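# Architecture at a glance
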Amino acid sequence: MQQFGQFFFNHWDLFLALFVTLAMLVYTSFSARLRGYQEVQPLEAVQLMNHQEAVMLDVREDSEYAAGHVQDSIHIPLGKLRERLGELEAYKGRAVVVGCRSGHRSASACAMLRKQGFERVYNLRGGILAWENASLPVSRGGKRKKK
């Protein structure tokens, strides 16, 4: 035990690095539960849309959406989401995958949807950039038709 104490004293920086690393691992493991939504990779999002009738919500700006978006996605820019939440009420019982360019704005949208009572909310990790990097198709032009 005395050797351990001496080792700890002589190599305190290694122990500090160990504790920081462990803290980061614990945070990563529990952060999804704390946030209230999960992150999904593009292929997982496709499976949600195909097998669980998930709807895709794109929160990018108009010009970004027009440049390329997931087919049949609902487009509501993040800045207008709070005032247009009523448009999503019909999808409250379904899974909602939220995407933006890189996944940061969509994380804010996910938090907002969770506060409004949406239970199955998923953030598209890496956003439309990850979607395109996974060689998944994008559409250009018109908006989703209401069902």
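For the structure itself, look to the data block above.
One structure accompanies this document, and this report is about it. (Residues numbered from 1 in each chain as written. Predicted model: local features only at pLDDT ≥ 70, side-chain atom pairs only at ≥ 80, totals over all residues. Heavy atoms only, no water.)

Next up on the list: the environment of Gly-36. In this fold, Gly-36 is placed in the loop between helix H2 (12-35) and strand E1 (38-40). Residue classification places Gly-36 among the partly exposed positions, given a relative accessible area of 26%. (Helix = DSSP H or I, 4+ residues; strand = E, 2+ residues; numbered from the N terminus. Buried < 20%, exposed > 50% of the residue type's maximum accessible area, 1.4 Å probe, protein only.)

Here we take up the pairing of strand E5 (residues 121-124). A regular strand carries its side chains on alternate faces of the sheet. What you see with E5 is no split at all: Val-121 and Asn-123 on one side and Tyr-122 and Leu-124 on the other are buried throughout. For E1 and E5, the ladder comprises three bridges, and the chain directions are parallel. By the bridge assignment, Glu-39 is partnered in E5 with Asn-123. Pairing of strand E4 (residues 96-99) with E5 involves three bridges; the strand directions are parallel. Of the residues in E5, the one forming a bridge with Val-98 is Asn-123. (Pairing = 2+ DSSP bridges.)

So, on to a nonpolar patch on the surface. On the surface, a cluster of nonpolar side chains totalling about 780 Å² of accessible area is made up of Met-1, Phe-4, Phe-8, Leu-18, Phe-19, Leu-22 and Leu-25. Top element by residues in the nonpolar patch is H2. It accounts for four residues. The residue Met-1 is located in the segment before helix H1 (2-10) in this model. The exposure class assigned to Met-1 is exposed, which follows from its relative accessible area of 85%. (Patch = residues over 30% accessible without salt bridge, like charges linked within 9 Å, V, L, I, M, F, W, Y side chains within 5 Å. Areas by Shrake-Rupley, 256 points an atom, 1.4 Å probe, with all protein chains shown as cover. Salt bridge = Lys/Arg side-chain N within 4 Å of Asp/Glu carboxyl O.)

A few words now on unusual backbone geometry. The phi angle at Glu-53 is positive, at roughly 55 degrees, despite the residue not being glycine. Counting through the fold element by element, Glu-53 comes out in the loop between helix H3 (42-51) and strand E2 (55-58). The phi angle at Asp-72 is positive, at roughly 65 degrees, despite the residue not being glycine. Structurally, the position occupied by Asp-72 is in the loop between helix H4 (62-67) and strand E3 (74-75).

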